[in-house]
Amino acid sequence: TFAFKLTRFGKVHSPSRSNNLGKGLSNSVGNYIYLKRNWGGEYENVSILVALAVNNDGYREILDAAEGSKEDKEIWLNFLRHLKERGLKGASYLAVTNPRLVETLGEIFPDARWQRCVVHFYRNIFSVVPTGKVKLVAAMLKAIHLRKT
C-alpha cells in the first residue's frame, strides 16, 4: 500500500489534508516514488509526489501526496501550487532529487533554497568509483560531511 511505501521516510505524522500549512513547519522535502497500479486488469506505473516537512516538535509530517501518470514539470507545478494555496509559505530548505522539481520550484516559491539530496549524490559518486575503492571514498565523504565548516 501507499502508506507502507511511505514508511521509508521514517517516523511521520500525517495531518489532515485540510490543515493550513502556513505555520510551524520548516525544512520541506519534495520527493516521489513509483508504484504499479492495477486498473481494469492492466498494470501501469504511477508516480506519487510527496511533500514532507518538519514540525515544531521535530517530527516529519506528510503535507500532501498526489498521483500522476508521469512525473514531469506540469505535475510538480500543479502540486506546488496546491501546497501554496493551502498556505505553505515556501521552503526554507528543500532536498531535491528531481530536476523537474528544481525547474518548477522557482516559479512557485522564488525565495526557496534547495540542495541536491545527499543520498542521491553519494549514489552517483559510488556508481563511478571502482569497487575496490568504495570504502575509501565513503570514508572521505563521511569526513567531509562531519566537518563543522
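Parameters at a glance
- What you see as residue numbers is a count from 1 along each chain, following the sequence as written.
- It should be noted that, the model being predicted, local features are given only for residues of pLDDT at least 70 and side-chain atom pairs only at 80 or more, the latter also being counted only at that level, while totals for whole chains, interfaces and linings use all residues.
- Remark: hydrogens and water are excluded; side-chain values derive from all non-hydrogen atoms of the structure.
- Think of it this way: any DSSP run of H or I at least four residues long counts as a helix, any run of E at least two long counts as a strand, and we number them from the N terminus.
- Any two residues whose heavy atoms approach within 4.5 Å at even a single point are treated as in contact.
- Only the protein chains shown count as cover for residues, and all accessible areas are computed by the Shrake-Rupley method using a 1.4 Å probe.
- In summary, the pairing rule links any two rings of Phe, Tyr or Trp, Trp by its six-membered ring, whose centres are within 6.5 Å, and it sorts them by plane angle into stacked for under 30 degrees, edge-to-face for over 60 and tilted for everything else.
- Summary of the burial criterion: residues with accessible area below 20% of their type's maximum are buried, those above 50% are exposed, and those between are partly exposed, where the area comes from a 1.4 Å probe applied to protein chains only.
- Each axis is a line fitted through C-alpha atoms, and for a helix only the stretch in contact is used; angles between axes span 0 to 180 degrees, taken between their N-to-C directions.
- Should the near helix be turned counterclockwise from the far one by less than a right angle, the crossing is left-handed, whereas a clockwise turn marks it as right-handed.
- We count a salt bridge whenever a side-chain nitrogen from Lys or Arg sits within 4 Å of a carboxyl oxygen from Asp or Glu.
- For this analysis, a polar contact is any N or O atom pair within 3.5 Å, provided that within protein one partner can donate a hydrogen and the other can accept it, and provided that sequence-adjacent residues contribute only side-chain to side-chain pairs.
- In plain words, nonpolar cores are sets of buried Ala, Val, Leu, Ile, Met, Phe, Trp, Tyr and Cys residues tied together by side-chain atoms within 4.5 Å.
- It is the directions from the helix axis to the C-beta atoms that the arc portrays.
- Between any two strands, at least two bridges found by DSSP are needed for them to pair.

(A) Structural view of the overall build of the chain. Looking only at helices and strands, one finds 5 helices and 6 strands in the chain. Along the chain, helices (α) and strands (β) appear in the sequence α-β-β-β-β-α-β-α-β-α-α when read from the amino end. Sequence-distant contacts in the chain: of pairs separated by 6 or more residues, those separated by 24 or more amount to 53%. With an accessible surface of roughly 9900 Å², the chain has 55% of that area assigned to carbon and sulfur atoms.

(B) Focus on the packing of aromatic side chains. Overall, the coordinates contain 3 aromatic pairs when judged by the stated rule. Centre to centre, the rings of Phe121 and Tyr122 are 6.3 Å apart; their planes meet at 50 degrees, and the pair counts as tilted. On the accessibility criterion, Phe121 (34% relative accessible area) is partly exposed. With a relative accessible area of 19%, Tyr122 lands in the buried category. An angle of 70 degrees between the planes, with centres 5.9 Å apart, marks the rings of Tyr122 and Phe126 as edge-to-face. Placement of both Tyr122 and Phe126 in helix 4 (residues 118-126) is noted, with a separation of 4 residues, approximately one turn of the helix.

(C) Inspection of the packing of helix 4 against helix 5 (residues 134-146) at higher detail. One way to put it is that helix 4 packs onto helix 5 with a least axis distance of 11 Å and a crossing angle of 150 degrees. Judged by the sense of rotation from one axis to the other, the crossing of helix 4 with helix 5 is right-handed. Two secondary-structure elements touch here, helix 4 through Val118, Tyr122, Ile125 and Phe126 and helix 5 through Val134, Val137, Ala138, Leu141, Lys142 and His145.

(D) Representation of the pattern of salt bridges. On inspection of all chains with the given rule, the structure shows 2 salt bridges. Across the pair Asp64 and Arg86 runs a salt bridge, and its minimum N-O distance is 3.1 Å. Highlighted residues: Asp64 in strand 4 (residues 60-68) and Arg86 in the loop between helix 2 (73-85) and strand 5 (94-96), separated in sequence by 22 residues. Each member of the pair, Asp64 as well as Arg86, is classed as buried. With a shortest N-O distance of 3.0 Å, Lys73 and Glu107 are connected by a salt bridge. In this pair, Lys73 is assigned in helix 2 and Glu107 in helix 3 (residues 99-108), connecting sequence segments 34 residues apart.

(E) Structural detail: the side chain of Arg86. Take Arg86: its relative accessible area is 12%, and that puts it in the buried class. Looking at Arg86, its side chain comes within polar contact range of the main-chain oxygen of Leu63, at 2.8 Å.

(F) Main features of the nonpolar core. Within the largest apolar cluster, 16 residues are counted, with the highest numbers of intra-cluster contacts made by Leu63, Phe79, Leu80, Leu83 and Phe109. Only strand 3 (42-55), helix 2 and helix 3 provide two or more residues apiece to this core. In terms of residue count, helix 2 provides more of this core than any other element does, 6 residues in total. Counting residues in hydrophobic clusters, the runner-up holds 7 residues, among them Leu35, Val46, Leu52 and Ala65.

(G) How the structure looks around helix 3. Burial in helix 3 covers these residues: Leu101, Thr104, Leu105 and Ile108. Considered in projection along helix 3, the buried side chains sweep an arc of 120 degrees and stay on one side of the axis.

(H) Focus on the pairing of strand 4. As defined by bridge partners, strand 3 adjoins strand 4 across 8 bridges and the pair is classed as antiparallel. Each residue of the ladder has a partner; that of Ser47, found in strand 4, is Gly68. Between strand 3 and strand 4, which pair antiparallel in sequence order, lie 4 residues; one of them, Gly58, sits at a positive phi of approximately 90 degrees.

Function cannot be read off these values alone, since they describe shape.
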